[in-house]
2 protein chains.
Amino acid sequence: MRTRLSTEQRREQLLTIGAGLFANRPYDEVWIEEVAEIAEVSRGLLYHYFPTKRDFFAEIVRAERDRLLRLSAPDKSVSHVDQLTIGLDVYLDYAQHHPDGYRVIHRAAAAGDAEIREIRDAGQAANRERILAGLADLATVDATTKLAVRGWFTFVTAITLDWLDNPAVTREDLRDLCVRTLFAAVGITPPD
Amino acid sequence: MRTRLSTEQRREQLLTIGAGLFANRPYDEVWIEEVAEIAEVSRGLLYHYFPTKRDFFAEIVRAERDRLLRLSAPDKSVSHVDQLTIGLDVYLDYAQHHPDGYRVIHRAAAAGDAEIREIRDAGQAANRERILAGLADLATVDATTKLAVRGWFTFVTAITLDWLDNPAVTREDLRDLCVRTLFAAVGITPPD
């Protein structure tokens, strides 16, 4: 007997299955009918939720982005260094345990799709605002600070993708590398 | 009267004109016949040098990459910090005075073209080897160092592209940001 899911649960199930399929195959080699098979629903139901493959793909990227933003929300009750460290731990833990979900976001943006890139960039912008708000407590935020933080996000993304493909260092080493690089880039010595 | 150019001079002229055209227009909106018009040569001659638009584009990216590598070769007679600082000055000067040439390399790679990406990545690999060879004089190069240097190149590229579109900081500030970020990322305090 099939499990009865609510509309929202079904939608999330389809997105999760889709994220898994898109993550390790080129876009053109994924047939979304396979999602219906895995979920044991009709193709008609799948198309009811997501009219086209493009729509489906964009919704996956959006859902994965929002999931990561929720998971990495800062805990304002601890020091700024700890906020960053904990945030990165959560972020890298997500990447490590959901490599497909992580890759799907960045592969999509790299593929040059304007809609997908916009979804990814909006997520990075939200994260940048978090970091800049924290740094503003410690020092003056100027144009160089903003440029440094933008570049740092690219740095973190690049080394995380590298590390997923070739985990030659521990997650703790990777996190510490990210922490010290941010503070050096913005030219701030964090308080103990 | 037309200027008589050698085969090599003509080839370089066509590549330079092409780099300018491709840099500020999407690939699909460039007609290489325009290159023949600007160079005042026949289309037949252009096709003799570059049989297809794709060939032409790939050769532009390769030529711009090699030009930048030559311009930024390290001067081993000065300190490591000075080598990096001078190398970055040359690099950022190139980017500032040849924004189209700089963008054309990275737009091409971002567009997901495997050949173009390979040309760009080979250039970045050559630059990474230079940096790692310099760092090996100062400290032990391990997996974290290599990951940090890979990420740093992404950082430099991202903030340079940002800065070209929005030059809100001086070139010196941008260069100093790159220098301090590299040494912090690899965890090395450079000797004075």
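Residues numbered from 1 in each chain as written. Chains lettered and ligands numbered in written order. Predicted model: local features only at pLDDT ≥ 70, side-chain atom pairs only at ≥ 80, totals over all residues.

## Things to note about the nonpolar core
At step 1: Ranked by size, the top nonpolar core spans 86 residues in total, and within it Ile60, Val61 and Trp152 of chain A together with Ile60, Val61 and Trp152 of chain B carry the most contacts.
At step 2: In this view, Val61 of chain A contacts Val104, Ile105, Ala108, Ile116, Ile119 and Arg120 of chain A; residues no more than four positions away in its chain are not counted. (Core = buried A, V, L, I, M, F, W, Y, C linked by C-beta atoms within 7 Å. Buried ≥ 20, exposed ≤ 12 C-beta atoms within 10 Å, placed from the backbone. Contact = placed C-beta atoms within 7 Å.)

## Comments concerning the interface of chain B and chain A
A common way to report how large an interface is uses the accessible area buried once the components associate.
At step 1: Of the residues lining the interface, 25 residues belong to chain B; the matching set on chain A comes to 25 residues.
At step 2: Of all the secondary-structure elements, those providing two or more residues to the side of chain B that touches chain A are α8 (143-165) and α9 (171-186) of chain B.
At step 3: Counting residues per element, the side of chain B that touches chain A draws most heavily on α8 of chain B, which supplies 13 residues. (Helix = DSSP H or I, 4+ residues; strand = E, 2+ residues; numbered from the N terminus.)

## As for the relation of the copies chain B and chain A
At step 1: For the match of chain B to chain A, the screw axis carries a shift of 0.0 Å, the RMSD comes to 0.0 Å, and the turn is 180°. The transformation relating the two chain copies, once decomposed into turn and shift, fits a two-fold axis. Taking C-alpha positions as reference, the residue of chain B nearest the rotation axis is Phe155 of chain B, located at 2.6 Å.
At step 2: In this assembly the copies share their binding face: 100% of the residues contributing to the interface of chain B also contribute to that of chain A. (Least-squares fit on C-alpha atoms with pLDDT ≥ 70 in both.)

## Some points on the packing of helix α4 (residues 53-71) of chain A against helix α7 (residues 114-136) of chain A
Think of two packed helices as two axes; the pair is described by the angle between the axes and how far apart they sit.
Residues and elements named next belong to chain A.
At step 1: Two elements in contact, α4 and α7, have axes whose closest approach is 9 Å; the angle formed by their N-to-C orientations is 10°. One way to sum up the angle between α4 and α7 is to call them roughly parallel. Counting all contacts with α4, which are made through Ala58, Val61, Arg62, Arg65 and Leu69, the residues of α7 involved are Glu115, Ile116, Ile119, Arg120, Gly123 and Ala126.
At step 2: Class assignment of the residues belonging to the contact of α4 with α7 gives a composition of six nonpolar, one polar and four charged. (Axes fitted to C-alpha atoms, helices over the stretch in contact; angles between N-to-C directions. Parallel < 35°, antiparallel > 145°, perpendicular 65-115°, else oblique. Nonpolar A, V, L, I, M, F, W, Y, C, P; charged D, E, K, R; others polar.)

## A closer look at the packing of helix α8 (residues 143-165) of chain A against helix α9 (residues 171-186) of chain A
All names here are of chain A.
At step 1: Where α8 meets α9, the axes come as close as 9 Å, and the angle between the chain directions of the two elements is 165°. Taken together, the axes of α8 and α9 lie roughly antiparallel to each other. With respect to the hand of their crossing, α8 and α9 are arranged in right-handed fashion. Along its contact with α8, which presents Thr145, Ala148, Val149, Gly151, Trp152, Phe155, Val156, Ile159 and Trp163, the element α9 presents Leu174, Cys178, Thr181, Leu182, Ala185 and Val186.
At step 2: Of the residues belonging to the contact of α8 with α9, the class tally is twelve nonpolar, three polar and no charged. (Left-handed = near helix turned anticlockwise from the far one by under 90°.)

## Observations regarding unusual backbone geometry
Residues and elements named next belong to chain A.
At step 1: Backbone geometry places Glu40, a non-glycine residue, at a positive phi of 55°.
At step 2: Inspection of the secondary structure assignment puts Glu40 in the loop between α2 (33-39) and α3 (43-49).
At step 3: What makes Glu40 exposed here is the crowd of 8 C-beta atoms within 10 Å.

## Section: the confidence of the model for chain A
In low-pLDDT segments, the atomic positions of the prediction should not be examined closely.
At step 1: When pLDDT is averaged across chain A, the result is 89; 96% of the residues are at 70 or more.
At step 2: Per the prediction output, this complex has pTM 0.83; the corresponding ipTM is 0.81. (pLDDT = per-residue confidence, 0-100.)

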